[in-house]
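Coordinates in review
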Amino acid sequence: MPKNVRHVKKHTDIRLWKNGKRKKGSSTPQINQEPDNIFYTVPSKMVSSYVEKTTTAPVNIAVIKYWGKRDTSLILPTNSSLSVTLSQDQLQSKTTIRASPNFPSTRLWLNGVEEFNLEKNKRLQACLHETRFLRKIHEKSLLESGQKDYIPLSEYNLHICSENNFPTAAGLASSASGFACLVYALSQLFELPISATVLSRVARQGSGSACRSLFGGFVAWQMGQAEDGSDSQAVQIVPETHWPNLEVLICVVSDAKKGISSTEGMQSTVNSSELLKHRITHVVPNRMVKIENAILARDFQTFAEITMRDSNQFHAVCLDTFPPIFYLNDVSRAIIQLLTELNKSNNGIFKAAYTFDAGPNAVIYAPRENLREIVNLIARYFPPNQGSGNCEEYFNDHSSLFSQGESLGKLDLPIGFNSQVIPVFPNDSVKKILHTRVGEGPKLVSGNNDGLLNLEGLPKRLATK
């Protein structure tokens with residue numbers, strides 16, 4: 001442990017909030033085994049009458065989908081899920097939280113726009129109340145140990161500023177990274193000596209998938225059975241270093257806000273889909289076991305098949321909802337056809353695996369040696385707005401997949417590939433291709449100039465109207 005890090009007693013008591021109020025009698029039982037990723041926080045120091053922390057958190061993309069809640073207040077899922085955490089180099093949320101005795105109220109800015117009526121935001125309040133409660137426990141333990149000079153942060157109002165470096169509500173898991181970043185920043189600000197798994201129970205109450213963004217690598221969200229949600233939590237299967245050859249492409253088909261939110265869509269599915277009942281009872285439990293084993297064995301063939309099948313079934317469940325929900329569009333379905341043909345041309349040995357969350361954007365998992373071929377195919381059938389050619393705005397080849405002088409979309413097709421599988425789409429049907437990898441969990445930003453708030457405690461950048 002670093003010398004400047006204080007080791008304190010680890011608390012695992014999580015009392016849960018429902019409809020913005022503490023649920024009576026609810027508490028998380030003591031865990032039997034020490035969890036991974038204990039957050040040891042650097043002690044806060046008062047600077048000019050305030051304390052501030054800045055953190056970043058990653059996006060995660062599920063390969064076994066979470067869709068449906070059995071408790072909408074505590075955000076308890078109808079099934080377990082499993083995701084891959086993506087590198088923060090391309091996709092991340094960043095949050096600065098400042099606590100001060102001089103702030104008359106708690107304020108929040110998202111992407112430069114202030115959010116009002118925070119008391120009505122039940123998910124935000126659940127996260128704030130829970131972390132404040134844990135801070136009060138910590139302050140009490142400090143007082144009992146004779147440390148009377150602690151800062152009473154649990155009593156201070158907060159200024160919270162959060163930004164995404166990617167479109168919000170466009171099917172790229174912005175709420176997951178956003179709430180994970182918020183809760184992690186609160187844990188650092190309040191110096192909470194708890195594990196990532198325990199903290200994930202708090203993040204889950206902000207956005208279900210946020211619990212998985214508290215870890216890097218491959219992460220499972222265990223649905224749990226307890227009514228109070230005390231066993232509904234995230235655990236890391238393996239870290240980001242486990243499968244270095246597995247990389248990720250994201251085809252941004254649309255950055256527009258989706259017509260039906262995930263929250264609204266999944267509850268409509270729960271209320272009307274017969275297929276969902278079969279999925280959560282008979283399909284997901286078996287897939288969770290198989291895909292975890294595939295990940296441990298680095299078995300891409302099995303991993304790819306389960307990933308694609310689960311994506312297909314998720315969208316089939318959306319279609320089985322009444323009235324039906326459509327998240328995929330013509331470009332999304334064409335990408336599925338294109339990758340299916342690529343895998344078929346390789347005698348059924350999978351070169352790529354597609355998955356789609358609640359939106360039209362494709363996420364493609366593939367061994368690194370196949371990426372050049374996949375990017376070339378996407379660029380050939382979905383050319384950039386400027387026409388064919390090596391366009392950095394369309395695809396930033398930061399890892400040199402292509403040799404100098406090679407043009408995107410102009411390389412030969414794979415042997416046995418049916419060139420007529422789909423037509424060439426109009427330019428800009430795919431806006432850009434992002435190349436990333438499996439990444440690590442949240443980070444504490446230590447630079448003096450990296451915070452999002454100015455000296456007055458207001459955002460450095462405000463959105464222009």
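Residues numbered from 1 in each chain as written. Predicted model: local features only at pLDDT ≥ 70, side-chain atom pairs only at ≥ 80, totals over all residues. Heavy atoms only, no water.

A short note on the overall build of the chain
A tally of regular secondary structure across the chain gives 8 helices and 18 strands. The buried share among the 465 residues of the chain stands at 57%. The long-range fraction of contacts in the chain, counting pairs at least 24 apart against all pairs at least 6 apart in sequence, stands at 77%. (Helix = DSSP H or I, 4+ residues; strand = E, 2+ residues; numbered from the N terminus. Buried < 20%, exposed > 50% of the residue type's maximum accessible area, 1.4 Å probe, protein only. Contact = heavy atoms within 4.5 Å.)

Thoughts on the sheet that holds strand E3 (residues 51-58)
The strand order E10-E9-E11-E8-E3-E18 describes an open sheet built from 6 strands, whose pairing is mixed. Of all the strands in the sheet, just strand E10 (113-115) and strand E18 (443-445) have a single pairing partner and so form its edges. Across the sheet, the mean angle separating the axes of adjacent strands is 25 degrees when strand polarity is ignored. Two strands pair when backbone bridges link them, and E3 and E18 are joined in this way by 3 bridges, in the antiparallel orientation. Looking across to E18, one finds that Thr-55 is bridged to Leu-444. (Pairing = 2+ DSSP bridges. Axes fitted to C-alpha atoms, helices over the stretch in contact; angles between N-to-C directions.)

Section: the packing of helix H1 (residues 122-144) against helix H2 (residues 174-189)
The N-to-C vectors of H1 and H2 enclose an angle of 20 degrees; their axes lie 10 Å apart at closest approach. Here H1 lies roughly parallel to H2, going by the angle between them. By crossing handedness, the relation of H1 to H2 is classed as right-handed. Along its contact with H1, which presents Arg-123, Leu-124, Cys-127, Leu-128 and Thr-131, the element H2 presents Phe-179, Leu-182, Val-183 and Leu-186. Split into classes, the residues belonging to the contact of H1 with H2 amount to 7 nonpolar, 1 polar and 1 charged. (Parallel < 35°, antiparallel > 145°, perpendicular 65-115°, else oblique. Left-handed = near helix turned anticlockwise from the far one by under 90°. Nonpolar A, V, L, I, M, F, W, Y, C, P; charged D, E, K, R; others polar.)

Brief notes about the pairing of strand E7 (residues 81-85)
With 5 of 5 residues buried, E7 lies mostly within the body of the structure. The alternating pattern of E7 places Ser-81, Ser-83 and Thr-85 and Leu-82 and Val-84 on opposite faces, both of which are buried. Summarising the sheet, strand E4 (residues 60-64) and E7 pair through 4 bridges and their orientation is antiparallel. Opposite Asn-60, over in E7, you have Thr-85 as the bridge partner. Where E7 meets strand E12 (residues 218-222), 4 bridges bridge the pair, whose relative direction is antiparallel. In the strand pairing of E12, Ser-81 is matched with Trp-221.

Section: the environment of Leu-434
Topologically, Leu-434 is positioned in strand E17 (residues 432-437). Along the backbone, Leu-434 and Leu-249 are 185 residues apart, and their C-alpha atoms lie at a distance of 5.5 Å. Excluding residues within four positions of it along the chain, Leu-434 makes contact with Leu-91, Val-248, Leu-249, Ile-250 and Val-252.

With respect to the nonpolar core
Of all hydrophobic cores here, the largest spans 70 residues; its most connected members are Phe-303 and Phe-382. In this view, Phe-382 contacts Val-331, Ala-334, Ile-335, Leu-338, Tyr-394, Ile-422, Phe-425, Ser-429 and Val-430; residues no more than four positions away in its chain are not counted. Ranked by size, the runner-up nonpolar core spans 51 residues in total, among them Tyr-66, Ile-75, Ala-210 and Leu-276. (Core = buried A, V, L, I, M, F, W, Y, C linked by side-chain atoms within 4.5 Å.)

Looking at the pattern of salt bridges
Side chains bearing opposite charge may pair, as long as their charged atoms lie close to each other. Under the definition given, this model contains 16 salt bridges. Residues joined by salt bridges that share partners form a network here, namely Arg-279, Arg-287 and Asp-310. (Salt bridge = Lys/Arg side-chain N within 4 Å of Asp/Glu carboxyl O.)

Brief notes about unusual backbone geometry
Most peptide bonds adopt trans geometry, and most residues besides glycine take a negative phi value. Along the chain, Phe-322 connects to Pro-323 via a cis peptide bond; the corresponding omega equals -5 degrees. In this fold, Pro-323 is placed in the loop between helix H6 (300-320) and helix H7 (330-345). Of note in the backbone geometry, Asn-111 takes a positive phi value of approximately 50 degrees without being a glycine. Summarising the element assignment, Asn-111 is placed in the loop between strand E9 (107-110) and E10.

Some points on helix H5 (residues 274-297)
Taking 1.5 Å per residue as the helical rise, H5 with its 24 residues ought to reach 34 Å, and the 34 Å between its terminal C-alpha atoms agrees with that figure. At Val-283, H5 shows its largest kink, close to 45 degrees, and the proline Pro-285 lies no more than four residues downstream. The set of residues buried in H5 consists of Leu-276, Arg-279, Val-283, Val-284, Arg-287, Met-288, Ile-291, Ala-294 and Ile-295. In this structure, the buried residues of H5 make contact with E4, E7, E12, strand E13 (233-238), helix H4 (262-272) and H6. (Expected span 1.5 Å × (residues − 1). Bend = angle between axes of the 7 residues up to and from the residue.)

A look at the environment of Gln-188
With respect to the helices and strands, the residue Gln-188 is situated in helix H2. Residue classification places Gln-188 among the buried residues on the basis of a relative accessible area of 4%. Residues Gln-188 and Ile-97, spaced 91 residues apart in sequence, show a C-alpha to C-alpha distance of 9.7 Å.

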